Amino acid sequence: MTKGLRNKMKLEQLKEILQAKVLCCGDHLDREIEMVCGSDLMSDVLAFIKADSLLLTGLTNPQVVRTAEMAEITAVCFVRGKQPHAETIKLAEARKMPLLTTGLSMFESCGRLYREGLHSCDETK
Amino acid sequence: MKPNESKPSSGADPSENSGAFAGPDSTRYTKIQELVYELKVSDAMMRNIITTTPDTSMSELREILRANRISGTPVMEGGKMVGVISIEDFIMWLGSGKADCPIKEKMTTEVDTMYANEPLVHAIGKLDKTGYGRLPVIDRQSGKLIGIITKGDIIERLLHKLEIEYHEEEIHRYRASHIFEDIIGDKVALTFQSSVKGKDFSRAGEASSGLKKTLERLGIHPQIVRRAAIASYEAEINVVIYTDGGTITASVQPDKIRIDVNDTGPGISDVDKAMQPGYSTASEWVREMGFGAGMGLVNIKKCADKMELVSTVDKGTHLRIYIDINNTQEHSKAG
Ligand SMILES: Nc1ncnc2c1ncn2[C@@H]1O[C@H](COP(=O)(O)OP(=O)(O)OP(=O)(O)O)[C@@H](O)[C@H]1O
Ligand SMILES: [Mg+2]
């Protein structure tokens, strides 16, 4: 990547790319993310994810939002059309954390975002 | 009819100073450059607009400009903007020595406008390109005139915003470094404790969430808060999963945060083994929740500046985490 200017993407645009539906906090889609982490292991997420990034996951329990809160993750997108528990959405709303869901698989989601210039959390900046 | 088109009298080439804002090949984005994209025209425009009508006379215009200390006004007729009259128009008229006349004979009728929700950088570009001193601002939905924007307004808004951000940064620094200075004592610490319920996944994380908020309120550096929150959360999840409950006690001292996580659970028979990456005794229901990778303790160690784990089988586990408040360097990756 070129020095200085890193690729950033508004959640609005990310939603289009992943053909995702917004589950809550749709008024915060002007937030920007720089990196993406795809994982179903919360400890992995906590170990590697950078602040201000997007989490792609197949898990839908409220701990996903808790994990995102602790690690300062901007937004979470569930893959394979997963619908989270009502409690998960409630917790995210209280934290003003946008939740999205896409019908795409984890692989396809990551691939599309990578192609658009977003990078993974474990690459050095 | 078009003296308004004259360039600003400074003589500078407008394209020159536009580079300061939007230089396409500048690789480093300064704070100002960020702000001109972030702020909207509506954030900087003047909202209480002084207007004139087409039949206001040029001699009256002088008094309007002088009394309001402005350099131009939109000209309104029947609620619609029909033109703009500026001080340049006035000077041209004065210089021509012609008799008094209504504004409509001297105003610019083909007016460039801005939408309120456009980024500020568009207004800067248009002001530079056209050489106009001011641009009327239109609400995109209603099509109504809602403000007017000048270079002066933009500069004022940017300076104000920079000052606010500088001030916030100052407060942050003050709180983080001085919170303990006003307290007298040989040993000062701020301590708060939460209990953690065992086996209750629905509330797992509440204690760490509270800890995170408190540390934020104390003005501790966000990077330190994040590390403390992640370490505390991993420990809290372990208490929920493996024990019947315990407590998390945080003690904030002038130079460090100490987090004690104590439980009266089954204990760990081999602490060294438990510390190894990938070692886990988590059952299936725990794995289904996304935990049980055997990375929790490794993670805690990575976030902490120092960590002590003492455990006795059938008695319980004591985990102590230290985080230096002043160590804001990026932490090394997990080994
Ligand atoms: N408070 C505790 N009481 C009893 N056993 C514990 C406690 N904390 C950790 N352990 C033991 O240590 C092991 C390793 O813990 P660690 O947190 O590193 O990984 P994990 O909880 O299994 O998985 P992860 O944290 O990645 O979700 C656990 O599987 C468990 O056997
Ligand atoms: Mg664990």
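Computed from a predicted structure; not experimentally measured.

Draft legend 1. Spotlight on the overall build of chain A. A count of helices and strands for chain A gives 5 helices and 8 strands. Partitioning the intrachain contacts of chain A with sequence separation of at least 6 by distance along the chain shows that 54% fall at a separation of at least 24. Carbon and sulfur atoms provide 48% of the accessible area of chain A, an area that totals close to 5800 Å².

Draft legend 2. Inspection of the confidence of the model for chain B at higher detail. Per-residue confidence for chain B gives a mean pLDDT of 85, with 85% of residues at or over 70. Throughout residues 1–28 of chain B the model reports pLDDT below 50, and contacts reaching past four residues in sequence, or to other chains, amount to 37 contacts.

Draft legend 3. Layout of the packing of aromatic side chains. A complete count under the given rule lists 3 aromatic pairs over all chains for this structure. Relative to W93(B), the ring of F90(B) lies with its centre 5.6 Å away and its plane at 45°, an arrangement referred to as tilted. Of this pair, F90(B) and W93(B) both sit in helix α5 (residues 87–96), 3 residues apart, which is roughly one turn of the helix. Overall, the relative accessible area of 8% leaves F90(B) in the buried class. Where F201(B) meets W285(B), the ring centres are 5.6 Å apart and the plane angle is 90°; that geometry is what we call edge-to-face. Placement of F201(B) in the loop between β6 (190–197) and α8 (206–217) and of W285(B) in helix α11 (residues 284–288) is noted, with a sequence separation of 84 residues between them. The class of F201(B) is buried, set by a relative accessible area of 9%. W285(B) gets classed as partly exposed once you look at its relative accessible area, which sits at 37%. One aromatic cluster is present, built from ring pairs that chain together F201(B), W285(B) and F291(B). We note K302(B) situated over the ring of F48(A); from NZ or CZ to the ring centre the distance is 5.4 Å.

Draft legend 4. Region of the structure containing the interface of chain A and chain B. In this complex, chain A contributes 25 residues to the contact, which on the side of chain B involves 29 residues. Here chain A and chain B share an interface that buries about 2200 Å² over both sides, 53% of which is from carbon and sulfur atoms. The tally of links between chain A and chain B comes to 2 salt bridges. Linking R66(A) and E206(B) is a salt bridge whose minimum nitrogen-to-oxygen distance equals 3.9 Å. Across the chain A-chain B interface, the total number found is 16 residue pairs in polar contact (both at pLDDT 80 or more). Of all elements in the fold, only α2 (42–48) and α3 (63–70) of chain A reach the threshold of two or more residues within the side of chain A that touches chain B. Of the residues that constitute the side of chain A that touches chain B, the class distribution is 10 nonpolar, 5 polar and 10 charged.

Draft legend 5. Molecular detail of the sheet that holds strand β4 (residues 134–138) of chain B. All names here are of chain B. Overall, mixed pairing links the 3 strands, which are arranged β3-β4-β5 in an open sheet. The strands lining the two open edges of the sheet, one partner per strand, are β3 (114–115) and β5 (145–150). Strand direction decides the pairing type here: β3 and β4, joined by 2 bridges, are parallel. For M114, the partnering residue across the bridge sits in β4 and is V137. Sitting on the sheet, helix α6 (residues 120–130) is in contact with β3, β4 and β5, with an inclination near 140° to β4.

Draft legend 6. Highlighting the side chain of S209(B). Residue position: S209(B) is located in helix α8. When its relative accessible area of 3% is taken as the criterion, S209(B) is described as buried. When sequence neighbours within four positions are dropped, the list of residues in contact with S209(B) reads R66(A), E69(A), M70(A) and R95(A).

Draft legend 7. Focus on the pairing of strand β4 (residues 35–38) of chain A. Residues and elements named next belong to chain A. In this sheet, strand β8 (residues 119–120) lies alongside β4 in parallel orientation, the contact comprising 2 bridges. Paired with M35 across the bridge in β8 is H119. Where β4 and strand β5 (residues 54–57) come together, 3 bridges link them in parallel fashion. The residue of β5 that forms the bridge with G38 is L56.

Draft legend 8. Geometry of the side chain of S43(A). With respect to the element layout, S43(A) can be found in helix α2. For S43(A), a relative accessible area of 5% puts it in the buried group. A distance of 3.2 Å separates the side chain of S43(A) from the side chain of E234(B), its partner in a polar contact. Aside from chain neighbours lying at most four places away, what touches S43(A) is E234(B), G290(B), M295(B), G296(B) and N299(B).

Draft legend 9. Expanded view of the nonpolar core. One finds L99(A), L215(B), I220(B) and F291(B) to be the most contacted residues of the largest nonpolar core, which totals 68 residues. It is helix α9 (residues 222–242) of chain B that provides the largest number of residues to this core, a total of 12 residues. Among residues more than four places away in sequence, those in contact with F291(B) are M42(A), Q63(A), T67(A), F201(B), Y233(B), I237(B), I241(B) and V286(B). L120(B), I124(B), Y132(B) and V137(B) belong to the second largest nonpolar core, which has 19 residues in total.

Draft legend 10. Here's a closer look at the site of ligand 1. As a matter of local geometry, ligand 1 sits amid 20 residues, with S43(A), S280(B), T281(B), G292(B) and M295(B) nearest to it. Two or more chains meet at ligand 1, and those chains are chains A and B. Y242(B) is positioned with one of its side-chain polar atoms (N or O) 2.8 Å from an oxygen atom of ligand 1. Between ligand 1 and G292(B) there is a distance of 2.6 Å, counted from an oxygen atom to a backbone nitrogen or oxygen. Across the complex, the protein chains shield 95% of the 600 Å² of accessible surface that ligand 1 would expose by itself. The set of elements that each furnish at least two residues to the shell around ligand 1 consists of α9 and α12 (296–303) of chain B. The leading source of residues in the shell around ligand 1 is α9(B), at 3 residues. Grouping the constituent residues of the shell around ligand 1 by class yields 8 nonpolar, 10 polar and 2 charged.

Thresholds, definitions, all that
Residues numbered from 1 in each chain as written. Chains lettered and ligands numbered in written order. Predicted model: local features only at pLDDT ≥ 70, side-chain atom pairs only at ≥ 80, totals over all residues. Heavy atoms only, no water. Helix = DSSP H or I, 4+ residues; strand = E, 2+ residues; numbered from the N terminus. Contact = heavy atoms within 4.5 Å. Areas by Shrake-Rupley, 256 points an atom, 1.4 Å probe, with all protein chains shown as cover. pLDDT = per-residue confidence, 0-100. Phe/Tyr/Trp six-rings, centres within 6.5 Å; stacked < 30°, edge-to-face > 60°. Buried < 20%, exposed > 50% of the residue type's maximum accessible area, 1.4 Å probe, protein only. Lys NZ or Arg CZ within 6 Å of the ring centre and 35° of its normal. Buried area = accessible area lost by both parts, 1.4 Å probe. Salt bridge = Lys/Arg side-chain N within 4 Å of Asp/Glu carboxyl O. Polar contact = N/O pair within 3.5 Å; in protein donor to acceptor, adjacent residues only side chain to side chain. Nonpolar A, V, L, I, M, F, W, Y, C, P; charged D, E, K, R; others polar. Pairing = 2+ DSSP bridges. Axes fitted to C-alpha atoms, helices over the stretch in contact; angles between N-to-C directions. Core = buried A, V, L, I, M, F, W, Y, C linked by side-chain atoms within 4.5 Å. Near = heavy atom within 4 Å.

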